[in-house]
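# Inside the fold
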Amino acid sequence: MNTNILTTLCAFLRTAPALRDITLAAEQLPPAPFTAGLWGRGTAVKATRQNLWGETRQSRRSEFLLRLCLPLPPGDDAAALQNVQRLETLQAWLAAQSAAHTAPIFGNYDTDAETLRTADACMERADAGGTACYTLRLWADYTVAYTEKGELA
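## Structural notes on the pattern of salt bridges
All told, the structure shown has 10 salt bridges when counted by the stated rule. Put simply, arginine 86 and aspartate 21 hold a salt bridge, and the shortest N to O gap is 2.9 Å. Note that arginine 86 is positioned in helix α2 (residues 77-99) and aspartate 21 in the loop between α1 (5-13) and β1 (23-25), a separation of 65 residues in sequence. Given the relative accessible area of 44%, aspartate 21 is considered partly exposed. Residue glutamate 63 is joined to arginine 137 by a salt bridge in which the shortest nitrogen-to-oxygen separation is 3.0 Å. Residue glutamate 63 is located in strand β3 (residues 56-71), and its partner arginine 137 is located in strand β5 (residues 131-146); the two are separated by 74 residues in the primary sequence. A cluster of three or more residues bridged by salt bridges with shared partners is formed by Arg41, Glu63, Asp120 and Arg137.

Rendered as C-alpha cells:
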C-alpha cells in the first residue's frame with residue numbers, strides 16, 4: 001500500500017507527455033506559465049466489509065485537484081487550442097495508464113481493480129498578463145485490507 005499518495009501521484013504525473021515542459025509540485029503554486037500544482041482534496045471510505053477471519057476491507061476514493069498555469073495571450077486562439085489539446089491529451093493518457101494498470105497502486109487488496117479517473121477539465125481563470133489557469137479533478141479508487149488487529153493485511 002502506498003502511504004504517501006500525493007507524492008506518488010505527483011511523481012507519476014511528471015512522466016505524462018502532456019506535462020513534459022511543466023514544473024509540477026505537490027502544492028499550490030503561484031500562477032506562472034508552465035507550472036502546475038497538485039493537492040489532495042481528501043479520502044472517503046465508500047464501503048467497509050469484514051470477513052469471517054476478522055479481516056476488514058475498506059473501499060476508498062481519494063480525490064485530487066491539478067491546476068495547470070499555461071500561457072494564453074489575449075486573443076490568441078492558437079494558444080487556447082493548444083492548451084485545450086494539452087488537457088485532452090493528459091486525460092487520454094491517464095485513462096490509458098489506468099486501463100493498462102500502469103498507474104500507481106494505492107491499495108493493498110484487489111489492486112487489479114484500482115482505477116484512476118479524471119473529470120471536469122476546465123479553464124478556471126485567465127488574466128490580462130497572458131496566463132490562464134486550468135483545473136482537472138482526479139480520483140483514485142482502491143481497496144485497503146486490515147487484519148483483525150488493525151494492521152495492514
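## Topic: the side chain of glutamine 58
Residue position: glutamine 58 is located in strand β3. Engagement of the side chain of glutamine 58 in a polar contact is seen with the side chain of arginine 60, the distance being 2.8 Å. For glutamine 58, the contacting residues outside a window of four places in its chain are Val45, Ala47, Thr48, Tyr142, Thr143, Val144 and Tyr146.

## Focus: the sheet that holds β3
Hydrogen bonds between backbone groups are what pair the strands of a sheet, and the pairing can be parallel or antiparallel. Here we have 5 strands laid out as an open sheet, ordered β1-β2-β3-β5-β4, and mixed in their pairing. Strand pairing shows two members of the sheet lacking a second neighbour, β1 and β4 (115-126), which therefore form its edges. On average, each strand axis in the sheet is inclined to that of its neighbour by 25°, with strand direction left out of account. Sheet strands touched by α1: β1, β2 (35-50), β3, β4 and β5. Its angle to β2, the strand with the most contacts, is close to 130°.

Conventions adopted
Residues numbered from 1 in each chain as written. Predicted model: local features only at pLDDT ≥ 70, side-chain atom pairs only at ≥ 80, totals over all residues. Heavy atoms only, no water. Salt bridge = Lys/Arg side-chain N within 4 Å of Asp/Glu carboxyl O. Helix = DSSP H or I, 4+ residues; strand = E, 2+ residues; numbered from the N terminus. Buried < 20%, exposed > 50% of the residue type's maximum accessible area, 1.4 Å probe, protein only. Polar contact = N/O pair within 3.5 Å; in protein donor to acceptor, adjacent residues only side chain to side chain. Contact = heavy atoms within 4.5 Å. Pairing = 2+ DSSP bridges. Axes fitted to C-alpha atoms, helices over the stretch in contact; angles between N-to-C directions.

Functional significance is not addressed by these values, which are geometric in nature.
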